[in-house]
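Chain by chain, the residues:
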Amino acid sequence: MPENPITDLKWYAANGVDLAVEDEPIDQFAASKPPARPASVPVAPVLSAAPALGNEPETVREAEELAAGAENLDALRERFDRFSGCPLKLRATQLVFADGNPEGRVMFIGEAPGADEDIQGKPFVGRAGRLLDRMLAAIDLDRSKVYIANTVPWRPPGNRNPTDQEIAPCLPFLKRQVELAQPEIIVTLGLVATRVVFDDPKLTISRTRGQWRDLQFGSWTGPAMATLHPAFLLRQPLQKREVWKDMLALQERLEPL
Ligand code: URA
């Protein structure tokens, strides 16, 4: 037993290890070492039992079919919840689909649920979410006026970024979500969501943020802007002035519409 289990747990949580998988640690390196093979035994073909990555063509096709068949957001949520093609689902507590008003004029798209969102089943309800609420309030918006979703609806373990393999099977659902919500404007929060929605895996957030682009996303077309992620602002508060400019640009864009 550790001398002070609470201190140890806090240390693990601060380092992103916040998910208990087994009671005892497993040395995966030792476990994956192949047994020594006598020189005379021929090499047999490996029948892989590797877990699905999520971005196999058939998984993405299944996602596209399921998403396309949803006639409204409730049906889409229900189909997404049933879908097992994204490996993140295995470890997450629940689907985190959306919050806010699907009829709102602006749709915000973040990265992925964190620990609080995983428990509550709603996006942006933790510290970053509270900062997002303050960003909205600064320009007279709140969750009754905007719609909020993420690039993936299941929490990546330890709050790491979702991988391309995890995003790919979720993308058809996000596109359908946008098509069904039909926002007038999309605002992406942070690098991951911006690369996904702007369909440019190389873009940098510093060069992209604050600029309007006419986007096509699924069959939706309209103006989109990227801004910095509120979780990044919690670590770099001086960057809030850039987001302030972006929020004013959003307010200005909303006025004449
Ligand atoms: N960060 C995100 O990108 N999305 C959430 O829902 C919460 C934190």
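Keep in mind it's a predicted model, so treat the numbers as computed, not measured.

Student: How would you explain the overall build of the protein chain if you had to name every residue and give the values?
Tutor: Looking only at helices and strands, one finds 12 helices and 6 strands in the protein chain. The proportion of buried residues among the 257 residues of the protein chain is 41%. Here the analysis covers contacts within the protein chain between residues at least 6 apart in sequence; of these, 72% occur between residues at least 24 apart. A total accessible area of about 15,100 Å² is found for the protein chain, and carbon and sulfur atoms account for 52% of it.

Student: Outline the sheet that holds strand 5 (residues 213-217), listing residues and values.
Tutor: Judged by pairing direction, the sheet is mixed, and its 6 strands sit side by side in the order 1-3-2-4-6-5 without closing on themselves. Bordering the open sheet on either side are strand 1 (99-100) and strand 5, each of which pairs with just one other strand. Relative to the sheet, helix 8 (residues 171-181) contacts strand 2 (106-110), strand 3 (146-150), strand 4 (185-189), strand 5 and strand 6 (220-227), its axis offset from that of strand 2 by approximately 165 degrees. On the sheet, helix 9 (residues 190-197) packs against strand 2, strand 4, strand 5 and strand 6 and is oriented at approximately 135 degrees with respect to strand 4.

Student: Account for the pattern of salt bridges, with residues named and values stated.
Tutor: Counted under the stated rule, the structure contains 9 salt bridges. E179 is the partner of R176 in a salt bridge, and the nearest nitrogen-oxygen pair spans 2.9 Å. With R176 and E179 both in helix 8, this residue pair falls 3 residues apart, about one helical turn. Residue R176 is classed as buried on the basis of its relative accessible area of 19%. A salt bridge links K245 to E242; its shortest N-O distance comes to 3.2 Å. Separated by 3 residues within a single helix, K245 and E242 lie in helix 12 (residues 240-254), roughly one turn from each other. By relative accessible area, which is 47% here, K245 ends up partly exposed. In this structure E242 comes out as buried when scored by relative accessible area, which is 17%. Three or more residues joined by partner-sharing salt bridges are found here, namely R209, E242, K245 and D246.

Student: Can you lay out helix 8 for me, pointing to particular residues and giving the numbers?
Tutor: Of all 11 residues in helix 8, 8 are buried; the element is thus mostly enclosed. Residues of helix 8 that are buried include every one of P172, F173, L174, R176, Q177, V178, E179 and A181, and no others. Positive phi appears at Q182, one or two residues downstream of helix 8, with a value of about 50 degrees.

Student: Can you lay out the pairing of strand 4 for me, pointing to particular residues and giving the numbers?
Tutor: The buried fraction of strand 4 amounts to 5 of the 5 residues, a majority that puts the element mostly inside the structure. Side chains of strand 4 alternate between two faces, with I185, V187 and L189 and I186 and T188 buried alike. As paired elements, strand 2 and strand 4 share 4 bridges and run parallel to each other. Residue I109 lies in a different strand from strand 4, and its bridge partner there is T188.

Criteria and thresholds
Residues numbered from 1 in each chain as written. Predicted model: local features only at pLDDT ≥ 70, side-chain atom pairs only at ≥ 80, totals over all residues. Heavy atoms only, no water. Helix = DSSP H or I, 4+ residues; strand = E, 2+ residues; numbered from the N terminus. Buried < 20%, exposed > 50% of the residue type's maximum accessible area, 1.4 Å probe, protein only. Contact = heavy atoms within 4.5 Å. Areas by Shrake-Rupley, 256 points an atom, 1.4 Å probe, with all protein chains shown as cover. Pairing = 2+ DSSP bridges. Axes fitted to C-alpha atoms, helices over the stretch in contact; angles between N-to-C directions. Salt bridge = Lys/Arg side-chain N within 4 Å of Asp/Glu carboxyl O.

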